[in-house]
Amino acid sequence: DTEVTQTPKHLVMGMTNKKSLKCEQHMGHRAMYWYKQKAKKPPELMFVYSYEKLSINESVPSRFSPECPNSSLLNLHLHALQPEDSALYLCASSLTPDSPYEQYFGPGTRLTVT
Amino acid sequence: AQSVAQPEDQVNVAEGNPLTVKCTYSVSGNPYLFWYVQYPNRGLQFLLKYITGDNLVKGSYGFEAEFNKSQTSFHLKKPSALVSDSALYFCAVRGDNAGNNRKLIWGLGTSLAVNP
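What counts as what
- Residues numbered from 1 in each chain as written.
- Chains lettered and ligands numbered in written order.
- Predicted model: local features only at pLDDT ≥ 70, side-chain atom pairs only at ≥ 80, totals over all residues.
- Heavy atoms only, no water.
- Helix = DSSP H or I, 4+ residues; strand = E, 2+ residues; numbered from the N terminus.
- Rg over C-alpha atoms; globule rule 2.2 N^0.38 Å.
- Buried < 20%, exposed > 50% of the residue type's maximum accessible area, 1.4 Å probe, protein only.
- Contact = heavy atoms within 4.5 Å.
- Areas by Shrake-Rupley, 256 points an atom, 1.4 Å probe, with all protein chains shown as cover.
- Lys, Arg positive; Asp, Glu negative; His and termini not counted.
- Charge placed at Lys NZ, Arg CZ, Asp CG, Glu CD.
- Salt bridge = Lys/Arg side-chain N within 4 Å of Asp/Glu carboxyl O.
- Pairing = 2+ DSSP bridges.
- Polar contact = N/O pair within 3.5 Å; in protein donor to acceptor, adjacent residues only side chain to side chain.
- Nonpolar A, V, L, I, M, F, W, Y, C, P; charged D, E, K, R; others polar.
- Disulfide = S-S within 2.5 Å.

> I keep staring at the overall build of chain B and nothing clicks. Help me out?
Check the secondary structure of chain B and you find zero helices and 12 strands. Counting helices and strands in the order they occur from the N terminus, chain B gives β-β-β-β-β-β-β-β-β-β-β-β. Rg of the C-alpha trace for chain B: 14 Å, near the compact-globule value of 13 Å for 116 residues, within the 12% margin. The burial tally for chain B puts 47% of its 116 residues in the buried class. Contacts in chain B between residues far apart in sequence, at least 24 positions, make up 58% of those at least 6 positions apart. For chain B, the exposed area adds up to about 5,400 Å²; of that, 48% sits on carbon and sulfur atoms. Charged side chains in chain B number 10 positive and 8 negative. The centres of these two groups are separated by 9 Å.

Structure representation (structure tokens):
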């Protein structure tokens with residue numbers, strides 16, 4: 001099973017709302033990632049969790065707050081977003097972060113900020 | 001600095017013809033190379049990777065890629081294209097050096113259109 005699940009599939013939120021994106025994998029992977037992707041562009045790395053610890057933050061604004069409650073779950077908490085934050089948010093996982101293992105992606109959450 | 005180039009924004013090919021999507025890279029140390037595909041309104045799917053060994057790598061859906069160290073290339077190929085192969089293709093690279101091993105560097109993508 002190489003499935004990464006993400007909920008919700010679509011999210012519309014106002015600039016004052018608080019919402020969360022969820023990601024789950026049951027492949028025993030110990031690295032999990034959040035990416036932001038604009039249409040027809042490559043994904044942009046936001047955060048990397050390695051063995052449930054935040055190992056990379058790509059200078060993401062504090063209105064995005066990641067959380068890794070356990071090795072299977074990854075959340076992205078959203079607060080006071082801007083319209084330019086509208087994008088496809090992708091979660092991915094890999095066996096470990098330090099080896100040449102491929103990343104498996106979820107289907108993404110399409111976020112629209114109004 | 002690490003980089004990936006996909007020189008063609010778009011590739012058009014007739015169904016049944018062979019297809020090639022090009023990728024060149026620059027990385028310190030030995031490269032780990034990956035191809036991903038993204039269908040409209042979907043997440044990315046892993047197609048294949050090169051780590052070491054045989055320069056010709058076979059992957060999902062009949063795709064293969066050839067690693068060429070002297071030309072620093074990793075072109076994606078398929079002998080006979082299908083209309084359903086129409087999608088956005090991304091090449092990505094990681095170096096094997098300790099300082100670079102946590103981030104994938106992505107190409108800008110190549111849109112493949114297979115015409116019936």
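The rest of the description comes next.
> Would you explain the overall build of chain A in this entry?
In terms of regular secondary structure, chain A is built from zero helices and 11 strands. Along its sequence from the N terminus, chain A presents helices and strands in the succession β-β-β-β-β-β-β-β-β-β-β. The C-alpha atoms of chain A give 13 Å as radius of gyration, which agrees with the globular expectation for 114 residues (13 Å, within 12%). Along the three orthogonal principal directions, the C-alpha set of chain A runs to about 40 × 25 × 20 Å. Counting every position in chain A, which comprises 114 residues, the buried fraction comes to 51%. Across chain A, every contact between residues at least 6 apart in sequence was considered, and the portion connecting residues at least 24 apart equals 55%. Total accessible area computed for chain A in this model is approximately 5,400 Å², and 50% of it derives from carbon and sulfur atoms. Treating the 12 positive side-chain charges of chain A as one cloud and the 11 negative ones as another, the clouds have centres 9 Å apart.

> How should I be thinking about the pattern of salt bridges in this particular structure?
Side chains bearing opposite charge may pair, as long as their charged atoms lie close to each other. As enumerated under the stated definition, the model contains seven salt bridges over all chains in all. Glu58 of chain A is the salt-bridge partner of Lys103 of chain B, the closest N and O atoms lying 3.0 Å from each other. Here Lys103 of chain B is found in the loop between strand S10 (87-95) and strand S11 (105-106), whereas its partner Glu58 of chain A is found in the loop between strand S6 (53-57) and strand S7 (64-70) on a different chain. The partly exposed category is assigned to Lys103 of chain B, whose relative accessible area is 31%. Among the residues examined, Glu58 of chain A registers a relative accessible area of 32% and is labelled partly exposed. Of the charged contacts, one joins Arg63 of chain A and Asp85 of chain A as a salt bridge, the two residues approaching to 2.7 Å between their closest N and O atoms. You can see Arg63 of chain A sitting in the loop between S6 and S7 and its partner Asp85 of chain A sitting in the loop between strand S8 (73-79) and strand S9 (87-94), a full 22 residues away along the chain.

> When you look at the pairing of strand S1 (residues 4-7) of chain A in this model, what are you seeing that I'm missing?
Along a regular strand, successive side chains alternate from one face of the sheet to the other. All names here are of chain A. Here S1 shows a buried face lined by Val4 and Gln6 and an unburied face lined by Thr5 and Thr7. Alignment of S1 against strand S3 (residues 18-25), held across four bridges, turns out to be antiparallel. Among the inter-strand pairings, Gln6 is bridged to a residue of S3, identified as Cys23.

> What should I look at first to understand the interface of chain B and chain A in this one?
By a widely used convention, the size of an interface equals the accessible area lost when the partners come together. Contacts between the two partners involve 21 residues from chain B, matched on the other side by 24 residues from chain A. The tally of links from chain B across to chain A stands at two salt bridges. Where chain B packs against chain A, one counts six residue pairs in polar contact (both at pLDDT 80 or more). Tallying contributions element by element places strand S5 (residues 31-38) of chain B first for the side of chain B that touches chain A, with four residues. Residue classes in the side of chain B that touches chain A are distributed as 11 nonpolar, five polar and five charged.

> Sorry if this is basic, but what is going on with the state of the cysteines here?
Disulfides are covalent bonds that connect the sulfur atoms of two cysteines. A complete count under the given rule lists two disulfides over all chains for this structure. With a sulfur-sulfur separation of 1.8 Å, Cys23 of chain A is cross-linked through a disulfide to Cys91 of chain A. Its S-S torsion of approximately -70 degrees makes the covalent link between Cys23 of chain A and Cys91 of chain A left-handed. Highlighted residues: Cys23 of chain A in strand S3 and Cys91 of chain A in strand S9, separated in sequence by 68 residues. As far as burial versus exposure is concerned, Cys23 of chain A and Cys91 of chain A are alike and both buried. Between the sulfur atoms of Cys23 of chain B and its disulfide partner Cys91 of chain B the distance amounts to 2.0 Å. Measuring the twist about the S-S bond at about -65 degrees, one finds the Cys23 of chain B-Cys91 of chain B disulfide to be left-handed. Pair noted here: Cys23 of chain B is in the loop between strand S3 (19-21) and strand S4 (24-26) and Cys91 of chain B is in strand S10, with a separation of 68 residues, a long-range link. Side by side, Cys23 of chain B and Cys91 of chain B carry an identical accessibility label, which is buried. Unpaired in terms of disulfides, Cys68 of chain A finds its nearest cysteine sulfur in Cys23 of chain A, a separation of 9.2 Å.

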